[in-house]
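# Overview (structure and organization)
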Amino acid sequence: MSDPTPVLDDLREESNELDRIVRELSEEQWAHATPAPGWSVAHQVAHLAWTDRAALLAVTDPEGFAREVQKAFVSSDTFVDEGAEEGAGLPPAELLARWRRSRALLQVALRAAPPGARFAWFGPPMSTASMATGRIMETWAHGQDIADALGLVRNPTNRLRHVVRIGVRARDFAFSVRGLSAPKEEFRVELVAPSGDDVWAYGPEDAPQRVTGPALDFCLLVTRRAHRADLAVHAEGPDADRWLDIAQAFAGPPGAGREPSGATG
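Keep in mind that what you see is a predicted model, and the values were worked out from it rather than measured.

### So, helix 5 (residues 79–88)
Taken together, the buried positions of helix 5 are Phe79, Gly83, Ala84, Gly87 and Ala88. On an axial view of helix 5, the arc spanned by its buried residues comes to 165°, and they lie on one face.

Structural data, given as structure tokens:
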């Protein structure tokens, strides 16, 4: 059984990197609109704090988490926005303290979880490592929204491997959430790591359908933070090509996604 410690360490580093961006912001910058319609920088951080608290509940209080799932089921179209809106109304210093507290408590709970533990979630049950990986993906993706709102360019790191892994594993989900049948055969996925000196590969080497490109671009694609037309991710084969149009690494509806910017990957 794999040790989740490295994934938890990467989650901590990903959160700390975003913390360094937002902790120096003015109140006006906290109110900046992000590419997510109706969401400011404050909404993005509030959502991370809310989701960290939900994950903490899933790890430490399964019955309490089950009640949260029921609430989400009753108001599935508004549940996420309502959680973000509630936190975004706080003063920035209080909101930042809330996020720091929730993610710190989640770190403690996940590190204390027994080997082999699995936790209920809004999608399939999660292992400790999977829960941490999901939190990395969310933190990175919402951090990208914040960076875009502020006009910042972040340096990609090898922590993107976790986002890539979720994106690849969620291939069939991306088809099913749109009412489509998933391809029966695996694809070969080969992505150039941010360092430029490694390739992250998944699937059979001889698979007839393939996806290639920079890992950063693939992560932007599967988190739906950029339009495919603006990214250097390429497909060989009709099913792989279709996947790149609908790929998503997160649970729930796909949303509208981003419009093409006119740039090329």
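### A word on the packing of aromatic side chains
Where two aromatic rings form a pair, the distance of their centres and the angle of their planes describe that pair. Using the criterion set out here, one finds 6 aromatic pairs in the structure. Ring centres of phenylalanine 65 and tryptophan 121 lie 5.5 Å apart, and the angle between their planes is 5°; on these two criteria the pair is classed as stacked. One end of the pair, phenylalanine 65, is in helix 4 (residues 62–74); the other, tryptophan 121, is in the loop between strand 1 (118–119) and strand 2 (126–127), and 56 residues separate them in sequence. Summarising the burial analysis for this pair, phenylalanine 65 and tryptophan 121 share the class buried. When the centroid spacing of 5.8 Å and the interplanar angle of 50° are considered together, the rings of phenylalanine 187 and tryptophan 243 count as tilted. Here phenylalanine 187 is found in the loop between helix 9 (171–176) and strand 3 (188–192), whereas its partner tryptophan 243 is found in helix 11 (residues 238–246), with 56 residues between them in sequence.

### Some remarks on the pattern of salt bridges
The tally for this structure, following the rule as stated, stands at 18 salt bridges. Where aspartate 241 meets arginine 228, a salt bridge forms, and the shortest distance between an N and an O atom there is 2.6 Å. Here the residue aspartate 241 occupies a position in helix 11, and arginine 228 occupies one in the loop between helix 10 (215–222) and strand 6 (234–236), the gap between them amounting to 13 residues. Classification of aspartate 241 by relative accessible area gives partly exposed; the value is 33%.

### A few points about the environment of proline 156
Counting through the fold element by element, proline 156 comes out in the loop between helix 7 (128–150) and helix 8 (160–169). Here the alpha-carbon distance between proline 156 and proline 194, two residues 38 residues apart in the chain, equals 5.9 Å. Apart from residues lying up to four places away in sequence, proline 156 is in contact with Pro194 and Leu216.

### Describing the nonpolar core
Within the largest apolar cluster, 33 residues are counted, with the highest numbers of intra-cluster contacts made by Val164, Val211, Phe218 and Trp243. Going through the elements one at a time, helix 7, helix 8, helix 9, strand 3, strand 4 (199–202), helix 10 and helix 11 are the ones with two or more residues in this core. By size, the runner-up hydrophobic cluster in this structure holds 20 residues, among which are Val7, Leu8, Ala55 and Ala117.

### Remarks on helix 1 (residues 5–22)
Owing to its 3.6 residues per turn, the α-helix brings residues three or four apart onto one side. In this model helix 1 runs 26 Å from its N-terminal to its C-terminal C-alpha over 18 residues, within 8% of the 26 Å that 1.5 Å per residue would give. Residues of helix 1 that are buried include every one of Val7, Leu8, Leu11, Glu14, Ser15, Glu17, Leu18, Asp19, Ile21 and Val22, and no others. Buried residues in helix 1 make contact with helix 2 (27–30), helix 3 (41–60), helix 6 (92–112), helix 7 and helix 8.

### Notes on the pairing of strand 4
The alternating pattern of strand 4 places Trp200 and Tyr202 on a buried face and Val199 and Ala201 on a face that is not buried. Bridge count for strand 3 against strand 4 is 4 bridges, and the pairing is antiparallel. From the neighbouring strand, valine 189 faces strand 4, where its bridge partner is tyrosine 202. With antiparallel pairing between neighbouring strands as the criterion, strand 3 and strand 4 make up a hairpin whose turn holds 6 residues, including glycine 196 at a positive phi of roughly 85°.

Cut-offs and rules
Residues numbered from 1 in each chain as written. Predicted model: local features only at pLDDT ≥ 70, side-chain atom pairs only at ≥ 80, totals over all residues. Heavy atoms only, no water. Buried < 20%, exposed > 50% of the residue type's maximum accessible area, 1.4 Å probe, protein only. Helix = DSSP H or I, 4+ residues; strand = E, 2+ residues; numbered from the N terminus. Arc of directions from axis to C-beta. Phe/Tyr/Trp six-rings, centres within 6.5 Å; stacked < 30°, edge-to-face > 60°. Salt bridge = Lys/Arg side-chain N within 4 Å of Asp/Glu carboxyl O. Contact = heavy atoms within 4.5 Å. Core = buried A, V, L, I, M, F, W, Y, C linked by side-chain atoms within 4.5 Å. Expected span 1.5 Å × (residues − 1). Pairing = 2+ DSSP bridges.

By themselves these figures say nothing about function.
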